[in-house]
Structures are given as C-alpha cells and as structure tokens.
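Here is what each chain is made of, one letter per residue.
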Amino acid sequence: MIDWLGLGELFAILAAIVWALSTILYKGFSHHLTPMQLNISKGVLASAMMLATIAITQDAALPHHLTSWLWLIAGGVIAIGDSAYFTALRNIGPARTLVIESLAPALVGVFNILLLNHYLSPFAWCGIVLTTIGVVIAIKPEKTLPQVDHQHYRKGVLCALAAAICQALGMVMSKGALNNEHMSSLWAALIRLAAGTMTVALVVAVFKSSEFKQALTLRGISGKQWFFAAVFLGTFLGLWLQLGAVKYTDPAIAQTIFATAPLIVMSIGFIKREPVTNKMLAGGLLALMGVGVLLTN
C-alpha cells in the first residue's frame, strides 16, 4: 500500500485525520485565552511532548548545517500565522476563514517556484484545483452568513489571508531544510515549533506579562483533559506528520491533502447523524476526486 500511495501522501492523510479529531476535541473545553496565549500554551505542551519522545527514542538525527536551522527557524517564526488564524475565527467566523484558508495549497505551489525553483506538473495542479474547489463548496454554509461590521470584516479577512500565506511559507521553508540534509521529521517539527512558540512568547512577555503567565499556567481553562488531548493530536502528532509528509512529497500536494481536514470533520458529523447537505456531498466528492488525481500523479 505504501509503495502505491507514497509515504508522504500517507503521512499527509494521517495528519489531516488527527487535525480533524483535534478540532472536535477543542470544542470540549472552554477558555478565555487570546490567540497568542493559545499559541504559547499548545506550543509549550507539544514541545515538551516532542522532547520526551526524542529522549525515549534516542533520536539523534538533528540537522547539522546552519542553513537547515535557518530554514526551520524562519518557518517556525512564520508559523505565528496560527495567531492570525485564531484572530480571523473570532472576527469573521469559521466559514469565511476556512474558505480563505483554502488558498494555502495554491500559495504553496507559488512559493515552491519562487523559493525552491520547483515546478509541479499540470496534472498535479489539476488535482490541487479540484480539491480546493471541492473543499470550498463543501464548507460553504447553506444559510446566509451573519453580518459583520466593516472593521471586524476587514481585520478578519486580512488575518485569514495572513494565516494562509504564513502556512504556505512555513511548508516551503520546512521543505527547504529537509531537502538540505538528512534529519528526522521529529527534530524538524520540534525546531520549527519551538522557534514559533518562543517568538510569540517573547512578544507577549514583553507587552503583556500577565497574559504570558496565564498562558503558562492555563488559568481560566475548564476541561483541560480535552485541551491536552487536542494538543497531543493536533500539534504534537499533527506537526510531526506534517513534516514527515513534506519530507517525502511535494509541499503543495501535502498541503492540499491537509486542506481536506474540514471534510473529515463533516464525515465524523455524518457518522454522529448530524445533518449533511447536498453541497457537502458534492464538494466532498469533488475534493476526493482531486486527492485521487494527486495520489496517482
């Protein structure tokens, strides 16, 4: 199966699944944390999990070239787009945010050309377009979205665009590091996550020290077990699998498969007998066709 599917594509599918599961788990806890505080909390917890795993497995395949470290650190700093993503959710809601985030696979393809001088085949681009259109159709709500005032709408759209750009840049920069030398995807994930977490932590500690302490102590969070489970799946396993996918396949293909995570959430909802619309079914089938094109590329 792995020979036919491709190790990178397999990791990408698993990453989409664990991210979908973590999204559902995040609904099980309530919090009063800002987007940056949430970034720090999950980053610190997931980094500790990665360090423990490295110690247990005695993984010594860390990067040795300065260029690789710089690629990963830059990718981690860029990954502060997570904070922009959470801000977008607060300002324009998940439906609009996810539609704008669907630009990420195409952006990865563009940055792949600009930064790594790597071009995808027309066949692969066809798969990316099909999957992206399918996801957009599936996640577009049936009912009219609630009105948002101009200030919040503009802020939300800009943050969603920033999140998509940062996500795409982070993927391509990680690929640049993994192409540079042999290293484990776990070390790559840890370096990237630690760089991003420390960047956000430094900003919060300097400007809002009380919020920094709250992010570390998780004060104000109820249902912490759901939070820990979501971090384990979505950040620890999710980022590890993401870097594994990027290591073994093109980042644009990996990002396109990651973008199907909302469809997995919908599928889980269908199993739980939540209502499914014709648009969800049509978009899901179209996205599935697009992923099929990518897997046979």
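Structure's up top.
Below you will find a few notes about this structure. Please read all numbers here as calculations on a predicted model, not as lab measurements. (Residues numbered from 1 in each chain as written. Predicted model: local features only at pLDDT ≥ 70, side-chain atom pairs only at ≥ 80, totals over all residues. Heavy atoms only, no water.)

**A word on the packing of aromatic side chains**
In step 1: Inspection of every chain in the model, using the stated rule, returns five aromatic pairs.
In step 2: On the numbers, 6.2 Å between centres and 50° between planes, the contact of F227 with F228 is tilted.
In step 3: An aromatic cluster of three or more residues is present, and its members are F232, F236 and W240. (Phe/Tyr/Trp six-rings, centres within 6.5 Å; stacked < 30°, edge-to-face > 60°.)

**Some details on the environment of N91**
In step 1: Tracing the backbone shows N91 in helix α5 (residues 81-101).
In step 2: Linking N91 and A205, residues 114 residues apart in sequence, is a C-alpha distance of 24 Å.
In step 3: If we ignore the near neighbours within four places in the chain, the residues touching N91 are V148, H152, K155 and G156. (Helix = DSSP H or I, 4+ residues; strand = E, 2+ residues; numbered from the N terminus. Contact = heavy atoms within 4.5 Å.)

**Some thoughts on unusual backbone geometry**
In step 1: Even without being glycine, Q58 reaches a positive phi, approximately 55°.
In step 2: By the element assignment, Q58 lies in the loop between α3 (35-57) and α4 (66-78).
In step 3: With relative accessibility at 68%, the residue Q58 sits in the exposed group. (Buried < 20%, exposed > 50% of the residue type's maximum accessible area, 1.4 Å probe, protein only.)

**Topic: α4**
In step 1: For α4, with 13 residues, the first-to-last C-alpha span of 18 Å sits near the 18 Å given by 1.5 Å per residue.
In step 2: Within the span of α4, buried status applies to S68, L72, G75 and G76. Down the axis of α4, the smallest arc covering the buried residues is 100°, so these residues share one side. The outward face of α4, more than 90 degrees from its buried face, is lined by the exposed residues L66 and L70.
In step 3: Buried positions along α4 lie against α8 (150-180) and α9 (185-207). (Expected span 1.5 Å × (residues − 1). Arc of directions from axis to C-beta.)

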